[in-house]
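In case you want the letters, here they are:
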Amino acid sequence: MTIEYNTNLRNDRMNEVSSSIDAVGIGKIRMYSGTRPSFGGASGVLLVELEMSAVSFAPAVIGVITANPITPITAISNGSATWFRIVNGAGNPVLEGSVGANGSGADLELSTVVFSIGLYVVISTLSITEGN
């Protein structure tokens, strides 16, 4: 049987994620190629770094946080995005996940995962859900 949490606890946990990103400057979403390392480790080539809003996510609703606007930017390297990391303004990792094409079931789905230098990268919607 799966453990379930009440909505207030789920919201608190997700709001803490947002607070961790916003605690030191403006958070960034970094996408990499290669094999995802253990949490916080170095691996792969940095393909793009997108800047989040000063307040990265709206307050949690039913255990879900939704990102405020993310500034689009061009890719800085060539490669296929396989994983991402969200860091706070000091560059400290807060969370990591997989990257895949739309419909892949990856944690972060994009219309294309094959990047080339100068490719305009846009994340139109980003939501993170706390369990249950």
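Please refer to the structure placed before this passage.
Residues numbered from 1 in each chain as written. Predicted model: local features only at pLDDT ≥ 70, side-chain atom pairs only at ≥ 80, totals over all residues. Heavy atoms only, no water.

Peer 1: Explanation requested: the nonpolar core in the structure shown.
Peer 2: Inside soluble globular proteins, nonpolar side chains tend to come together where they are buried. Ranked by internal contacts, the top residues of the largest apolar core, which has 28 residues, are Ile29, Met31, Phe115, Ile123 and Leu126. For this core, the secondary-structure elements that each account for two or more residues are α1 (7–22), β1 (28–32), β2 (46–51), β6 (83–87), β7 (93–101) and β8 (108–110). (Core = buried A, V, L, I, M, F, W, Y, C linked by side-chain atoms within 4.5 Å. Buried < 20%, exposed > 50% of the residue type's maximum accessible area, 1.4 Å probe, protein only. Helix = DSSP H or I, 4+ residues; strand = E, 2+ residues; numbered from the N terminus.)

Peer 1: So what exactly am I meant to see when it comes to unusual backbone geometry here?
Peer 2: With phi around 50°, Ile62 is a residue other than glycine that occupies positive phi space. Examined against the element boundaries, Ile62 turns out to sit in the loop between β2 and β3 (64–66).

Peer 1: When you look at the pattern of salt bridges in this model, what are you seeing that I'm missing?
Peer 2: Any two side chains of opposite charge can pair, so long as their charged atoms come close to each other. For the coordinates displayed, the defined rule picks out four salt bridges. The residue Glu49 makes a salt bridge to Arg30 at a minimum N-O spacing of 2.6 Å. Of the two residues, Glu49 is situated in strand β2 and Arg30 in strand β1; the sequence distance between them amounts to 19 residues. Judged by its relative accessible area of 27%, Glu49 is partly exposed. (Salt bridge = Lys/Arg side-chain N within 4 Å of Asp/Glu carboxyl O.)

Peer 1: I keep staring at the pairing of β1 and nothing clicks. Help me out?
Peer 2: Each regular strand shows side chains that alternate between the opposite faces of the sheet. When you tally the buried positions in β1, you get five out of five residues, the bulk of the element. Here β1 shows a buried face lined by Lys28, Arg30 and Tyr32 and a second buried face lined by Ile29 and Met31. As defined by bridge partners, β1 adjoins β2 across five bridges and the pair is classed as antiparallel. The residue bridging Met31 from the neighbouring strand is Val48, located in β2. In the sheet, β1 pairs with β6 via five bridges, with the strands oriented antiparallel. Across the sheet, Ile29 pairs through a bridge with Ile86, a residue of β6. (Pairing = 2+ DSSP bridges.)

Peer 1: Where do I start with the sheet that holds β2 in this structure?
Peer 2: Neighbouring strands of a sheet are bound in pairs by backbone hydrogen bonds; such pairs are parallel or else antiparallel. Pairing in this open sheet of five strands is mixed, and the strands run β2-β1-β6-β7-β8 from one edge to the other. The sheet terminates laterally at β2 and β8, the two strands that pair on one side only. Averaged over all pairs of adjacent strands, the angle between strand axes in this sheet comes to 25°, irrespective of strand direction. Sheet analysis places β7 next to β8, joined by three bridges and oriented parallel. By the bridge assignment for β8, Gly100 is matched with Glu109. Each of β6 and β7 touches α1; the most contacted strand, β7, lies at about 105° to it. (Axes fitted to C-alpha atoms, helices over the stretch in contact; angles between N-to-C directions. Contact = heavy atoms within 4.5 Å.)

Everything listed here is a matter of geometry and, on its own, says nothing about what the molecule does.
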